[in-house]
Amino acid sequence: MPLRTNERLLIGQSPDETARLAADVVVEALSTSRQPQSIALAGGSTPKLLYSTLAKRPYSERIPWRQVRWFWADERAVPPDHPDSNYRMAVESLLAPLVVPADHIYRMATEGGQEARPPDSAAAAYEQAIRGIVPSGPAGIPVFDLILLGVGPDGHTASLFPGSAALSESRRLVVPNYAPSQNAWRMTMTYPLLKAARNILFFVTGSAKAEIMARILVDNDPTLPVSAVRDAPGRITWVLDAEAARLVAPSRPE
Ligand code: 6PG
């Protein structure tokens, strides 16, 4: 399995162990960074267990969470109170329990609705918000301390879907993006911003992700949107549960 030198794979044998492995990676990434720290959160359903784990002891006491600046890697084109909102899920499971101040939370403004393309102005405003908070590296791109990402069964990450226009975006850091498979608009960070992060954590669980994880980590399939993120120079950690890792690593000897 061709992991790169800056990559590591951690496998949990239970949902709680897997969430704790990922929470330890989050704490490790933020314990070695300067103030103010910045995180971009993943959406979807998988991260919910990680977020609720971080919101409880001992993790809630390990980092000055209220000083962290919180962003999203992507968002659906729905209002912030919509059941599908990545913002709503993270606020309910993590940011509200940690009592993070509202002015440290930067939501992607995608209220238009699935049919409506989020305005370019909203994407540009989000990029400016990032540039105003997150220090840039030598390439002039903001360097997040940590970006959390998930992986879809089709190999998408953030809202970089197969066949979508954002895959070829090399200048803007945040764009509206139509997801053909979802028949819906999204807003997403693009490769230049994702790949600039100091730490990237992929948190992937469930048997439905076993095939795609094998295509990523065993076949090294370059056609998958997520594969391009693996070229990032920062530290990349894959945290999988045993089900998602079934085709990637031999199960532990009994
Ligand atoms: C989103 C996510 C997306 C997600 C994958 C996996 O907005 O849906 O950002 O990239 O991480 O689709 O989603 P699940 O965790 O629900 O499987």
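The structure this text deals with has already been given above.
Cut-off values and rules
- Residues numbered from 1 in each chain as written.
- Predicted model: local features only at pLDDT ≥ 70, side-chain atom pairs only at ≥ 80, totals over all residues.
- Heavy atoms only, no water.
- Helix = DSSP H or I, 4+ residues; strand = E, 2+ residues; numbered from the N terminus.
- Rg over C-alpha atoms; globule rule 2.2 N^0.38 Å.
- Buried < 20%, exposed > 50% of the residue type's maximum accessible area, 1.4 Å probe, protein only.
- Contact = heavy atoms within 4.5 Å.
- Areas by Shrake-Rupley, 256 points an atom, 1.4 Å probe, with all protein chains shown as cover.
- Near = heavy atom within 4 Å.
- Polar contact = N/O pair within 3.5 Å; in protein donor to acceptor, adjacent residues only side chain to side chain.
- Nonpolar A, V, L, I, M, F, W, Y, C, P; charged D, E, K, R; others polar.
- Pairing = 2+ DSSP bridges.
- Axes fitted to C-alpha atoms, helices over the stretch in contact; angles between N-to-C directions.

Novice: Mind showing me how you'd approach the overall build of the chain here?
Specialist: In terms of helices and strands, the chain carries six helices and nine strands. Rg of the C-alpha trace for the chain: 17 Å, near the compact-globule value of 18 Å for 254 residues, within the 12% margin. Dimensions of the chain, computed from the C-alpha atoms along their principal axes, are close to 55 × 40 × 40 Å. The proportion of buried residues among the 254 residues of the chain is 54%. Across the chain, the fraction of contacts at a sequence separation of at least 24, relative to all contacts at a separation of at least 6, is 75%. Here the chain displays about 10700 Å² of accessible surface, and carbon together with sulfur accounts for 53% of that area.

Novice: In this structure, what is going on with the site of the ligand? I would like to understand it.
Specialist: Taken together, 15 residues form the shell around the ligand, and within it Thr46, Asp74, His156, Ala158 and Lys209 come nearest. Here an oxygen atom of the ligand and a side-chain polar atom of Ser45 are 2.8 Å apart. Notes on the ligand: free accessible area 410 Å², of which the protein chains cover 88%. For the shell around the ligand, the class distribution of residues is two nonpolar, nine polar and four charged.

Novice: Teacher, can you tell me more about the sheet that holds strand 5 (residues 146–149) here?
Specialist: Across a sheet, paired strands are connected by hydrogen bonds in the backbone, their directions being either parallel or antiparallel. Spatially, six strands are ordered 1-9-8-5-2-3 in an open sheet, and the strand pairing comes out parallel. Every other strand in the sheet has two partners, leaving strand 1 (7–12) and strand 3 (69–72) as the edge strands with one partner each. Within the sheet, the average angular offset between the axes of one strand and its neighbour, ignoring direction, is 20 degrees. Both strand 2 (residues 38–41) and strand 3 contribute to a ladder of four bridges, which runs parallel. Within strand 3, the position partnered with Ile39 by the bridge is Trp70. Packed onto the sheet, helix 3 (residues 86–95) meets strand 2 and strand 3 and runs at close to 145 degrees relative to strand 3.

Novice: Before we go on, may I ask you to explain the packing of helix 2 (residues 47–54) against helix 3 in this structure?
Specialist: The description of two helices packed together rests on the angle between their axes and the distance between the axes. Relative orientation of the contacting elements helix 2 and helix 3 amounts to 30 degrees, with a least axis distance of 8 Å. Residues Pro47, Lys48, Tyr51, Ser52 and Leu54 of helix 2 form the contact with helix 3, whose own contacting residues are Met89, Ala90, Ser93 and Leu94. Here the residues of the contact of helix 2 with helix 3 sort into six nonpolar, two polar and one charged.

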